[in-house]
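Here are the chains, one letter per residue:
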Amino acid sequence: MNLANFLTVLRFICIPIFIILYINDSKISLIIFLIAGITDVLDGFVARKFNIETKIGAILDPIADKFLVFSVYLLFYISSVIKPWIFFFIIGRDIAILSGWIIRYLITGKKDIKPSIFGKFTTFFEVSTAIVILTGFANSLVGNILLSIMVLFIILSAIDYLIQGFTT
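Residues numbered from 1 in each chain as written. Predicted model: local features only at pLDDT ≥ 70, side-chain atom pairs only at ≥ 80, totals over all residues. Heavy atoms only, no water.

## Some thoughts on the nonpolar core
Reasoning step 1: Of all hydrophobic cores here, the largest spans 32 residues; its most connected members are Phe18, Phe33, Tyr73, Phe76, Ile90 and Met150.
Reasoning step 2: With residues up to four places along the chain from it excluded, the contact list for Phe33 reads Phe18, Leu68, Val72, Val127, Ala130, Ile131 and Leu134. (Core = buried A, V, L, I, M, F, W, Y, C linked by side-chain atoms within 4.5 Å. Buried < 20%, exposed > 50% of the residue type's maximum accessible area, 1.4 Å probe, protein only. Contact = heavy atoms within 4.5 Å.)

## Re unusual backbone geometry
Reasoning step 1: A positive phi is found at Asp25, a non-glycine position, where the angle reads about 60°.
Reasoning step 2: Mapping Asp25 onto the fold places it in the loop between helix 1 (3-23) and helix 2 (28-49).
Reasoning step 3: Backbone geometry places Ser80, a non-glycine residue, at a positive phi of 60°.
Reasoning step 4: When you line up the elements, Ser80 lands in the loop between helix 3 (55-78) and helix 4 (84-108).
Reasoning step 5: Judged by its relative accessible area of 62%, Ser80 is exposed. (Helix = DSSP H or I, 4+ residues; strand = E, 2+ residues; numbered from the N terminus.)

## Comments concerning the packing of helix 2 against helix 5 (residues 117-134)
Reasoning step 1: At a minimum axis separation of 10 Å, helix 2 and helix 5 run at an interaxial angle of 165°. Considering the angle they form, helix 2 stands roughly antiparallel to helix 5. Seen along the crossing, helix 2 lies across helix 5 with a hand that is left-handed. Of the residues in helix 5, those in contact with Ser29, Leu30, Phe33, Leu34, Gly37 and Asp40 of helix 2 are Thr123, Val127, Ala130, Ile131 and Leu134.
Reasoning step 2: Here the residues of the contact of helix 2 with helix 5 sort into seven nonpolar, three polar and one charged. (Axes fitted to C-alpha atoms, helices over the stretch in contact; angles between N-to-C directions. Parallel < 35°, antiparallel > 145°, perpendicular 65-115°, else oblique. Left-handed = near helix turned anticlockwise from the far one by under 90°. Nonpolar A, V, L, I, M, F, W, Y, C, P; charged D, E, K, R; others polar.)

On their own, these measurements won't tell you what the molecule is for.
Quick look at the structure:
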């Protein structure tokens with residue numbers, strides 16, 4: 001297992017630990033979430049920098065991202081930290097993208113979807129917003145601005161992936 005894939009696996013390991021700590025109201029949950037977020041940045045960088053990109057890494061990395069984002073925002077939704085529509089917006093986008101990929105694959109046989117810059121910004125703002133919320137600033141000006149930017153990028157990335165699905 002190369003370093004990039006190890007970092008992705010580490011992110012998967014962080015997710016249940018984060019969930020348990022968050023449910024038990026531990027401040028350490030923020031540290032675990034930060035570690036998971038750092039692995040998200042580092043795994044892609046390491047894979048490209050050292051030319052160790054793998055097919056399994058290309059599959060596991062976005063799955064780890066989705067599990068991390070889904071977990072944290074589900075916890076925020078359950079604990080009423082965010083409004084329900086925000087959670088359903090996040091999940092709806094991912095379900096739409098996955099459904100579109102499946103339909104595209106069934107019709108054309110094409111498997112690849114190129115990561116979009118809007119998708120990367122969406123993940124960045126989902127993680128950044130979660131960090132701000134975990135630090136206790138959910139209802140602050142910064143928290144509300146980040147939530148708004150995150151929603152904007154969710155919309156932009158959904159449109160971008162939709163266009164990509166129809167034109168490639």
